[in-house]
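Reading the structure
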Amino acid sequence: MFRLRQLCSSSLQKLKFPRWGMTHTKHVRFVGNFNSSRKKLTIQEVKEKLNDQLGVQKFYRPTESLIYSQDKSLSVPQSQAELPPRKMKDSYDECIIPLGSNAMEREKYLNFKGAIRTGKILEDIDVFSAWLCYKHVLLHTQKPGQSAPLCIVTALVDKISLSGHIIYPDEDIKMSGHVSWVGKTSLETSMQLEQKESEEWRKFLHAYFVMVARYPDNQGSAFVNPLIPDSPQEEAIFRQGEANKIHRQKWSHQSLLRSAPNEQERELLHNLFLETLDPKAHTFKIRVLPPCSMWMEDAKLKNVIICHPQERNLYNKIFGGFLMRQAYELAWTLAYVYSKTRPVIVNVDDIWFRQPVEIGSLLYLHAQVVYVKDRDMQVRVHASVKDPEKGREETTNTFHFTFTSRGDELLPRIIPRSYHEAMLYLDGKRHYESALETAELHSL
């Protein structure tokens, strides 16, 4: 096992990413340990407990639309006022990804270099977020051991910030988190991941997820328990959740799908266009690629996946964490090809789960480098499902990943040619600057 760490460390020990160091903080994002003395579950045990609580069938049955059983003795509340308030400590939990203590589990997380597959970690975070929400939800008629008669699904990966530290393959990872904000039918979870280094737990990841509660038939929103802050620190965390909601609404309103680029962005695009004109041609038709640049259309990768039932979630849909892992690994591969060095993920944000992916779907993933700054790359992955018989294609997700290169050389700039690509460029620039702002303001 020492050999594994040696291989991993030798390839990463020279890495320094001061831009993404995140060495200080401006606000509280996490309650911290509630001094739980019980033995920590592994992430696999968390999955099994979720399955047991929801009555999930062990074997796939294609003729059944739902794979969990509803407790008929519990009725769904008609208003939030019917539900008892909850505290952050009610949902707080810790679990372990047993990289060091379970060799069989570790094999599932190793990549071809003996390092950790970040996509597998993202999958586990999605499961843990759902687990925390189910710990929060409680009906006044609910007895110990009973699960609430509703389903909770991922609506949005708001932000995942990574420090760029090495994730060692021979040390367990501790996941901890709690529900940090609640609306009427939605919940925000705040989670962090730590790993031991020199006998001390070192934080390397922090994540915000937004989950929504649905009725048992997965149709329509269901009310969830209100959240009551219990200290000044918890009040600050709850206010941050409100601020996150307002920021999401503002971001959505300013989307390039709804409004035109601002004046500064229009000027930027025009200057980029002028750079690509041949000054000797005296025409707009002839385009030339500027030095140290690449056309956007030449920086993309595609993949198609048949969605099999082994990747289903608790509700007979394709698991959102699986979609995130597939999108991440395609984005990482594209960043690897573009930079010619193995890239490091530093930020994931604004992943909306717009509609569920059905078992048997053909999932199309389109990865595109949309913005480059010095040694950093913004990669966008568009996910859609296609019905070949009806010829219909629908968007399910859009993923945004920020990578940084390990090389010393500056990366080629990305240059859009069409208006469509220009909008992708501006959207990528906005996401990159948002990620950079997070790195400057927040500390892991």
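Residues numbered from 1 in each chain as written. Predicted model: local features only at pLDDT ≥ 70, side-chain atom pairs only at ≥ 80, totals over all residues. Heavy atoms only, no water.

1. Structural notes on the nonpolar core
One finds I125, F401 and F403 to be the most contacted residues of the largest nonpolar core, which totals 102 residues. The dominant element in this core, judged by the number of residues it contributes, is helix α8 (residues 320-339), at 11 residues. (Core = buried A, V, L, I, M, F, W, Y, C linked by side-chain atoms within 4.5 Å. Buried < 20%, exposed > 50% of the residue type's maximum accessible area, 1.4 Å probe, protein only. Helix = DSSP H or I, 4+ residues; strand = E, 2+ residues; numbered from the N terminus.)

2. What to know about the confidence of the model for the protein chain
Mean pLDDT over the protein chain: 85, with 84% of residues reaching 70 or higher. Confidence drops under a pLDDT of 50 for residues 9-14, and excluding neighbours within four residues, the segment shows seven contacts in the predicted structure. Segment residues 22-28: pLDDT under 50, and 23 contacts once partners within four positions in sequence are set aside and those in other chains are kept. (pLDDT = per-residue confidence, 0-100. Contact = heavy atoms within 4.5 Å.)

3. So, the environment of Q80
Residue position: Q80 is located in the loop between α2 (43-53) and α3 (88-91). On a C-alpha basis, the gap between Q80 and A222 in space is 9.0 Å, while along the polypeptide they are 142 residues apart. Excluding its chain neighbours within four sequence positions, the residues that come into contact with Q80 are V182, G183, K184, F223, V224, N225 and P226. In terms of polar contacts, Q80 uses its side chain to reach the backbone carbonyl oxygen of G183, at 2.8 Å. (Polar contact = N/O pair within 3.5 Å; in protein donor to acceptor, adjacent residues only side chain to side chain.)

4. Concerning the pattern of salt bridges
Pairing between side chains of opposite charge can happen when the charged atoms of each approach one another. For the structure on display, the rule yields 17 salt bridges. Put simply, D230 and K87 hold a salt bridge, and the shortest N to O gap is 3.7 Å. With D230 in the loop between β6 (200-214) and α6 (232-253) and K87 in the loop between α2 and α3, this residue pair connects regions lying 143 residues apart in the sequence. For K87, a relative accessible area of 32% corresponds to the partly exposed category. Residues D349 and K159 are paired through a salt bridge, measuring 3.5 Å at the closest nitrogen-oxygen approach. Taken as a pair, D349 in strand β9 (residues 344-353) and K159 in strand β3 (residues 151-162) lie far apart in primary sequence, 190 residues in all. Neither D349 nor K159 differs from the other in exposure class; each is buried. Linked through salt bridges whose partners overlap, the residues forming this network are K120, E123 and R325. (Salt bridge = Lys/Arg side-chain N within 4 Å of Asp/Glu carboxyl O.)

5. Overview of the side chain of N244
Inspection of the secondary structure puts N244 in helix α6. Taking the relative accessible area as the measure of exposure, N244 reaches 10% and is therefore buried.

6. With respect to unusual backbone geometry
Unlike most non-glycine residues, E199 shows phi in positive territory, near 65°. When you line up the elements, E199 lands in the loop between β5 (186-197) and β6.

7. Details of the packing of aromatic side chains
Any pair of aromatic rings gets described here by the distance separating the centres and the angle formed by the planes. If you walk through the whole model with that rule in mind, you get eight aromatic pairs. Both rings, one in Y371 and one in Y432, keep their centres 5.6 Å apart while their planes meet at 45°; by these two values the pair is tilted. Taken together, the positions of Y371 in strand β10 (residues 362-373) and Y432 in helix α9 (residues 419-441) put the pair 61 residues apart, joining distant regions of the chain. Neither Y371 nor Y432 differs from the other in exposure class; each is buried. (Phe/Tyr/Trp six-rings, centres within 6.5 Å; stacked < 30°, edge-to-face > 60°.)

8. A look at the sheet that holds β3
Strand order in this open sheet of 11 strands is β1-β2-β4-β5-β6-β3-β9-β12-β11-β10-β8, and the pairing throughout is mixed. At either margin of the open sheet sits one strand with a lone partner, and together these are β1 (41-42) and β8 (300-306). Strand direction decides the pairing type here: β3 and β9, joined by five bridges, are antiparallel. Note on β9: the bridge partner recorded for S161 is N347. (Pairing = 2+ DSSP bridges.)

9. Section: the pairing of β10
In this structure, β8 lies alongside β10, joined through seven bridges in antiparallel fashion. Each bridged residue has a counterpart across the sheet, and for V304 the counterpart in β10 is Y364. Across 11 bridges, β10 lies against strand β11 (residues 376-387) in antiparallel orientation. Note on β11: the bridge partner recorded for L363 is V385. In this structure, the hairpin formed by β10 and β11 is closed by a connection of two residues, where D374 is found at a positive phi of approximately 55°.

10. Here we look at the environment of S293
Examined against the element boundaries, S293 turns out to sit in strand β7 (residues 293-295). Under the relative-accessibility criterion, S293 is labelled buried at 12%. S293 sits 120 residues away from R413 along the chain, and the two C-alpha atoms are 4.4 Å apart. If we skip the residues at most four places from it in the chain, S293 touches P412, R413 and I415. At a separation of 3.4 Å, a polar atom in the side chain of S293 contacts the main-chain carbonyl oxygen of P290. A distance of 3.0 Å separates the side chain of S293 from the backbone oxygen of P291, its partner in a polar contact.

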